[in-house]
Amino acid sequence: MCFSHALYVRKNELCSLKGIAEEKHTTLPNLALAWLLAQDGVDAVIPGGKHKKQVANNVKATDILLTNEDLVNIERILI
C-alpha cells in the first residue's frame, strides 16, 4: 500500500511539472535542464544525446526563462 501511495504522489508531482513545462512551451526534460541551469553555482549542464536532433533539442533549454516564481513552484513540487 505504501508503494502505491508513493507512486500516486510522484504522478501528481510529474503532472504539476508537466503543467509548468506546457506554460513555458517546452518539454519536461528541457524544463529540468533549464531548472538545473538556474541553480546557484551551476555554470553548465552536460546532458546526454546520441543523435544530433537530441543535442539540438537540449540546447533549446538555454532559451527558457524561469522566473523566481517558477523556481519557487518547482522547488515546492520537488521537496
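Structure: see above.
It should be emphasised that the depicted structure is a prediction, and the values quoted were computed from it without experimental measurement.

(A) Structural context of the overall build of the protein chain. Secondary structure assignment for the protein chain yields 4 helices and 0 strands. Reading the secondary structure of the protein chain in the N-to-C direction produces α-α-α-α. Along the first, second and third principal axes, the C-alpha set of the protein chain runs to 40 × 30 × 25 Å. Here the protein chain holds 79 residues, and the buried ones make up 23% of them. Relative to all contacts within the protein chain whose residues are 6 or more apart in sequence, the contacts with residues 24 or more apart total 65%. Entry remark: accessible area of the protein chain is about 6300 Å², with carbon and sulfur atoms responsible for 60%. In the protein chain, which carries 9 positive and 9 negative side-chain charges, the distance between the mean positions of the two groups comes to 13 Å.

(B) Region of interest: the side chain of Asn58. Here Asn58 is to be found in helix α3 (residues 52-59). We classify Asn58 as buried; its relative accessible area is 17%. Once residues lying within four places of it in the same chain are set aside, the contact partners of Asn58 are Asn30, Leu33, Pro47 and Gly48.

Each value, and the rule that gives it
- Counting restarts for each chain, with residues numbered from 1 along the sequence as it is written.
- Note on the predicted model: pLDDT of at least 70 is required for a residue's local features to be given, and 80 or more for side-chain atom pairs to be given and counted; whole-chain, interface and lining totals, by contrast, use all residues.
- Water and hydrogen atoms were dropped before computing side-chain values, which therefore reflect all heavy atoms in the structure.
- What counts as a helix is a DSSP run of H or I of at least four residues, what counts as a strand is a run of E of at least two, and both are numbered from the N terminus.
- Any residue under 20% of the maximum accessible area for its type is buried, any over 50% is exposed, and the rest in between are partly exposed; the area is computed with a 1.4 Å probe on protein chains only.
- Only heavy atoms enter the contact rule, under which two residues are in contact if any of them lie within 4.5 Å.
- With residues, only the protein chains shown are counted as cover, and all accessible areas are computed by Shrake-Rupley using a 1.4 Å probe.
- Positive residues here are Lys and Arg, negative ones are Asp and Glu, while His and the chain termini are left out of the count.
- The atom standing in for a charge is NZ when the residue is Lys, CZ when it is Arg, CG when it is Asp and CD when it is Glu.

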